[in-house]
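Below are the chains, spelled out letter by letter.
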Amino acid sequence: MAAAGREAVGRPSKEHLPVAQLACIMAVLISLGCVNFILLKELYTAYGDQYAFFVNQGVNFLYIVYGGAILYPRMCLTNAVTPTMKALSKKRFVVMGFLDALGTFFTAMGAAFTPG
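Quick look at the structure, then. (Residues numbered from 1 in each chain as written. Predicted model: local features only at pLDDT ≥ 70, side-chain atom pairs only at ≥ 80, totals over all residues. Heavy atoms only, no water.)

1. Section: the packing of helix α2 (residues 19-47) against helix α3 (residues 52-77)
- At a closest axis distance of 9 Å, the pairing of α2 and α3 adopts a crossing angle of 145 degrees. Of the two elements, α2 crosses α3, and the hand of that crossing is right-handed. Residue-level inspection shows N36, L40, L43, Y44 and Y47 of α2 in contact with α3, the latter providing A52, V55, N56, V59 and Y63.
- Here the residues of the contact of α2 with α3 sort into 8 nonpolar, 2 polar and no charged. (Axes fitted to C-alpha atoms, helices over the stretch in contact; angles between N-to-C directions. Helix = DSSP H or I, 4+ residues; strand = E, 2+ residues; numbered from the N terminus. Left-handed = near helix turned anticlockwise from the far one by under 90°. Contact = heavy atoms within 4.5 Å. Nonpolar A, V, L, I, M, F, W, Y, C, P; charged D, E, K, R; others polar.)

2. Quick look at the nonpolar core
- Grouped together as the largest cluster of nonpolar side chains are 7 residues: L40, Y44, A52, V55, V59, A108 and A111.
- Where this core is concerned, the elements lending two or more residues are α2, α3 and α5 (91-111).
- Here the element with the most residues in this core is α3; it accounts for 3 residues.
- Beyond its immediate sequence surroundings of up to four residues, A52 is in contact with Y44, A108 and M109. (Core = buried A, V, L, I, M, F, W, Y, C linked by side-chain atoms within 4.5 Å. Buried < 20%, exposed > 50% of the residue type's maximum accessible area, 1.4 Å probe, protein only.)

3. Regarding α3
- In this model, α3 (26 residues) spans 38 Å end to end at C-alpha, consistent with the 38 Å of a helix rising 1.5 Å per residue.
- Helix geometry: α3 is bent most strongly at G68, by close to 30 degrees.
- Along α3, the positions that sit buried rather than exposed are A52, V55, N56, V59 and N60.
- In this structure, the buried side of α3 is in contact with α2 and α5. (Expected span 1.5 Å × (residues − 1). Bend = angle between axes of the 7 residues up to and from the residue.)

4. Things to note about α2
- The terminal C-alpha atoms of α2, which comprises 29 residues, lie 42 Å apart, in line with the 42 Å expected from a rise of 1.5 Å per residue.
- Residues of α2 that are buried include every one of L40, K41 and Y44, and no others.
- Summarising the contacts, the buried residues of α2 are in contact with α3 and α5.
- Positive backbone phi, at 80 degrees, marks G48, one or two positions downstream of α2.

5. Points about a nonpolar patch on the surface
- On the surface, a nonpolar cluster with roughly 730 Å² of combined accessible area is contributed by L17, L22, I25, M26, V28, L29, I30 and L32.
- If you trace the backbone, L32 turns up in helix α2. (Patch = residues over 30% accessible without salt bridge, like charges linked within 9 Å, V, L, I, M, F, W, Y side chains within 5 Å. Areas by Shrake-Rupley, 256 points an atom, 1.4 Å probe, with all protein chains shown as cover. Salt bridge = Lys/Arg side-chain N within 4 Å of Asp/Glu carboxyl O.)

6. Some points on the packing of α3 against α5
- At a minimum axis distance of 9 Å, the contact between α3 and α5 shows a crossing angle of 140 degrees. Relative to α5, α3 is oriented oblique. Crossing hand, α3 versus α5: right-handed. Judged by residue contacts, A52, F53, N56, N60 and Y63 of α3 engage D100, A101, T104, F105, A108 and M109 from α5.
- Residue composition of the contact of α3 with α5, by class: 7 nonpolar, 3 polar and 1 charged. (Parallel < 35°, antiparallel > 145°, perpendicular 65-115°, else oblique.)

No statement about biological role is implied by the geometric values presented.
Take a look at the structure:
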């Protein structure tokens, strides 16, 4: 009875993906991550060390554009993003974004001098 009370609070029951579907999704994500770093390496090699900071800013700006293109219609046209989600503190996301930008920048600094 306690379990039924918890589900009534507003949390939907969790549905698990089949193992084969989960494995396919993971394989695609890992492949896309590898392709992402290969393309970044080529991009940094093309522009060189002199423009690495500019390329880093461009890549981070594109992440914002792509993320916004996915999230904004979901916020405006559906109820997928609840007011509780909007009210959540964004501090941890700012920290994660800063660390990701720092990691990409350090990748940019080293990529111009890395063979391959």
